[in-house]
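# Tertiary structure, described
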Amino acid sequence: MTKLDEFNEFDRGIILLHRKSVSEDTPQAILVKVKQIRNAIADEKAGKEDPIEKEFTLECYDEAIRKLSDLSVADYQLWLRQNKDLEGFEF
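In short, a report on the structure. By convention here, each chain's residues receive numbers from 1 onward along its written sequence. In keeping with the predicted nature of the model, local features appear solely for residues at pLDDT of at least 70, side-chain atom pairs appear and are counted solely at 80 or more, and the whole-chain, interface and lining totals rest on all residues. Note that the side-chain values use all heavy atoms of the structure and ignore hydrogens as well as water.

As a further point, take the overall build of the chain. A run of H or I in DSSP becomes a helix once it reaches four residues, and a run of E becomes a strand once it reaches two; helices and strands are each numbered from the N terminus. Helix and strand content of the chain: 4 helices and 0 strands. Beginning at the N terminus, the succession of helices and strands in the chain can be written as α-α-α-α. Each residue gets one of three labels from its accessible area relative to the maximum for its type: buried under 20%, exposed over 50%, partly exposed in between, using a 1.4 Å probe on protein chains only. Across the 91 residues in the chain, those meeting the buried criterion constitute 35%. A separation threshold of at least 6 residues defines the contact pool for the chain, and within that pool the share at least 24 residues apart is 77%. Whether two residues are in contact is decided by their heavy atoms: any pair within 4.5 Å suffices.

This part takes up helix α3 (residues 51-69). Side chains that are three or four residues apart share a direction in an α-helix, a result of its 3.6 residues per turn. Here the expected length of a helix is defined as 1.5 Å per residue gap, with one fewer gap than residues. With 19 residues, α3 extends 27 Å between its outermost C-alpha atoms, agreeing within 8% with the 27 Å of an ideal straight helix rising 1.5 Å per residue. Within α3, the full set of buried residues consists of Lys 54, Thr 57, Leu 58, Cys 60, Tyr 61, Ala 64, Ile 65, Lys 67 and Leu 68. In protein, a polar contact means a hydrogen-donor-capable atom and an acceptor-capable atom, both N or O and within 3.5 Å, with residues adjacent in sequence counting only if both atoms are side-chain atoms; elsewhere, any N or O pair within 3.5 Å suffices. Between the side-chain oxygen at the start of α3 and the backbone nitrogen of Ile 52 there is a gap of 3.1 Å, and the oxygen is on Asp 50.

Only buried Ala, Val, Leu, Ile, Met, Phe, Trp, Tyr and Cys residues count toward a nonpolar core, and they belong to the same one when joined by side-chain atoms within 4.5 Å. In this structure, Ile 14, Ile 15, Ile 30, Val 34, Leu 68, Tyr 76 and Trp 79 are the most contacted members of the largest nonpolar core, which totals 19 residues. Elements supplying a minimum of two residues to this core: α1 (9-18), α2 (27-43), α3 and α4 (73-82). The element that contributes the greatest number of residues to this core is α3, accounting for 6 residues. The residues touching Val 34, leaving out its near neighbours within four places in the chain, are Ile 14, His 18, Tyr 61, Ile 65 and Leu 68.

Structural measurements only, silent on function.
Next comes the structure, spelled out in structure tokens:
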């Protein structure tokens, strides 16, 4: 089970960014969206983006996916209450 104190600023940014684009505000729904975005980033052709930055972004998404996979709805609601001041955070 993921502990709430395991979430770092990158996890928070990814979750807060993608929770706005899902129909159901649950860890499972956000997990599906985060996996889709992670796969889209991984499939992007090499171009303008720095490969090191891309790898770091993918690692952040992988870590958020791992943590979201174990997060219960109750813990997620608690986490949201604890991070309500971060709603305007842009990743």
